[in-house]
Amino acid sequence: MLNQITDTPTFVTHLECSQTGKIYAADQLHGLSETGKPLLVRYDLDALGKAVTKKAIAARVPEFWRYREFLPVRKTANIVRLGEVMTPIIPLPAIAKKLGAGEILVKDEGRLPTGSFKARGLALAVSMAKELGVKRMAMPTNGNAGAALAAYCSRAGIETYVFCPDDTPEINVREIALQGAKTYLVNGLIDQCGRIVGEGKDAMEWFDTSTLKEPYRIEGKKTMGLELAEQLGWEVPDIIFYPTGGGTGLIGMWKAFEELEAIGWIGAKRPRMVAVQAAGCAPIVRAFEAGADHAERWEDAQTVAAGIRVPAAVGDFLILDAVRKSGGFACAVADDAIIAAGEEVAKTEGLMLCPEGAATFAAYKQELSSGRVEANERALLFNCATGLKYPMPEAGIRLDITKEVDYDLL
Ligand SMILES: *Cc1c(COP(=O)(O)O)cnc(C)c1O
């Protein structure tokens, strides 16, 4: 059974434009700021730090709602839940040994509801939408975000419209529809699906839930940073590899570390943040290498890792800023390296990664050889979805029971 979440005080003071710092009122429905940039939720961190202790959190149920005081939902009754478990951190000891590396850890987000870490962001976005009286939500998606939106909205009694590029993995399209969303296939990429939502939202009375176009998905993804710090004994790893599409998770974790330092739960050390992209869609890598603050749209984006096939990200400047401030970098990996990396981890360690998760391991290996990663760095990779949602190579040799089995041939 889902446990009862006890009512605790909340600490949101206001929202703030991530570009200009302009203040927006809490407890009202907001999209982007006036300048078209993401809004960040701000808390009374002094009061928060006094209201809760590491020990109190450790005693709570192992789900991300244990970080309740760091989250924006005011009324516990508005929290929409499907069992948001804390995800395990799984070491890859055999691979580390083979590579002559130190610790390689995988945070396996595939255990969350709807099989991906999109559940973190959407649980928060939908809970806040419920709190603020939203009746209809719409979103462009490469798959997992739409599935999480559909699931949480159906549970909350909110109507959902989801737009996918027409080559989105079929299982994603079907799970979105099965979980109750009106589901459309669009002959374009995710930003073009986003345009349909943006242009139709007034007439259709949609609340636009596109990546970073509402303030609360970041707060949900922030729980990855809180959770991994707690799991590592309130320490951060030396380096984090994050498969970067819209970058919500990277931005969210960076915010988590800032808030944890502000209340004195971690020190000034930050992990080096590595934004991993696919060679066929690497706008953040190109901007990072050019020393630019913003990323140009990537034309003809193509990769097997659909979750990171995002040609243009609204939060590009926030991703680049976090990566640079952390002393990290952005890097791209080829599709064949992604596929090989996924097979290696599955066959050696028994852990099946999604293609985006496999991209982080491919990037780790690539950068260990290039020297940008040191063997003694404690590395944390993100596997963002269950590998079970993705196409797998054909397998299985047929045996005929009407004939004798020739065991020598097995
Ligand atoms: C959405 C998604 C990503 C990218 O996450 P962002 O935080 O939006 O950059 C990576 N992998 C998978 C499987 C996803 O669904």
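Reference entry: report on the structure contained in this document. Once a new chain begins, its residue numbering starts again from 1 and follows that chain's sequence as written. Only residues with pLDDT of at least 70 get local features here, since the model is predicted, and only at 80 or more are side-chain atom pairs given and counted; chain-wide, interface and lining totals rely on the full set of residues. Excluded from the side-chain calculations are hydrogens and water; all other atoms, namely the structure's heavy atoms, are used.

What follows deals with the sheet that holds strand β10 (residues 239-243). A pair of strands counts as paired when DSSP detects no fewer than two bridges linking them. Under the DSSP-based scheme used, a helix requires at least four consecutive residues in state H or I and a strand at least two consecutive residues in state E, with every element numbered from the N terminus. Read across the open sheet, the 6 strands follow the order β4-β5-β13-β10-β11-β12; overall the sheet is mixed. Every other strand in the sheet has two partners, leaving β4 (89-91) and β12 (329-333) as the edge strands with one partner each. Across the sheet, the mean angle separating the axes of adjacent strands is 25 degrees when strand polarity is ignored. Taken together, the 5 bridges between strand β11 (residues 272-278) and β12 define a ladder with parallel strand orientation. Fitted lines through C-alpha atoms serve as axes, helices being fitted only where they are in contact, and the angles separating the N-to-C directions of these axes extend from 0 to 180 degrees.

The subject of this paragraph is helix α6 (residues 170-178). Of the residues making up α6, those classed as buried are Asn 172, Val 173, Glu 175 and Ile 176. With its buried residues spanning 165 degrees around the axis, α6 presents them on a single face. Residues Glu 170, Arg 174 and Leu 178 are exposed on α6 and point more than 90 degrees away from its buried face. Throughout, a residue-residue contact means that at least one pair of heavy atoms, one from each residue, lies within 4.5 Å. Those residues of α6 that are buried are in contact with α5 (144-156), β7 (159-165) and β8 (182-186). Phi turns positive, to about 100 degrees, at Gly 180, one or two residues after α6. Buried residues are those whose accessible area, probed at 1.4 Å on protein chains only, stays under 20% of the maximum for their type, while exposed residues exceed 50% and partly exposed ones sit between those limits. Picture the helix axis, draw a direction to every C-beta atom, and the arc is the one those directions span.

With respect to the helices and strands, Lys 221 occurs in helix α8 (residues 216-231). Charge counting treats Lys and Arg as positive and Asp and Glu as negative, with His and both chain ends excluded. Between Lys or Arg on one side and Asp or Glu on the other, a salt bridge is scored when a side-chain nitrogen of the former is within 4 Å of a carboxyl oxygen of the latter. No salt bridge is formed by the buried Lys 221, whose closest oppositely charged neighbour, Glu 109, lies at an N-O distance of 7.5 Å.

Looking now at the environment of Thr 168. Here Thr 168 lies in the loop between β7 and α6. Distance in space between the C-alpha atoms of Thr 168 and Ala 145 is 12 Å, their sequence separation being 23 residues. Discounting residues that sit within four places of it in the chain, Thr 168 has contacts with Thr 141, Asn 142, Gly 143 and Val 173. Here Pro 165 takes part through its backbone oxygen, which lies 2.6 Å from a polar atom of the side chain of Thr 168. Pairing of N or O atoms within 3.5 Å defines a polar contact, subject to two protein rules: one partner must be a possible hydrogen donor and the other a possible acceptor, and residues neighboring in sequence count only if both atoms are side-chain atoms.

Bringing α8 into the picture now. Between the first and last C-alpha of α8 there are 23 Å, a value that for 16 residues agrees with the 22 Å anticipated at 1.5 Å per step. Most of α8 sits inside the fold, with 15 of its 16 residues counted as buried. In a helix, the anticipated span is given by 1.5 Å times the number of residues less one.

Distances and angles like these do not, on their own, reveal function.
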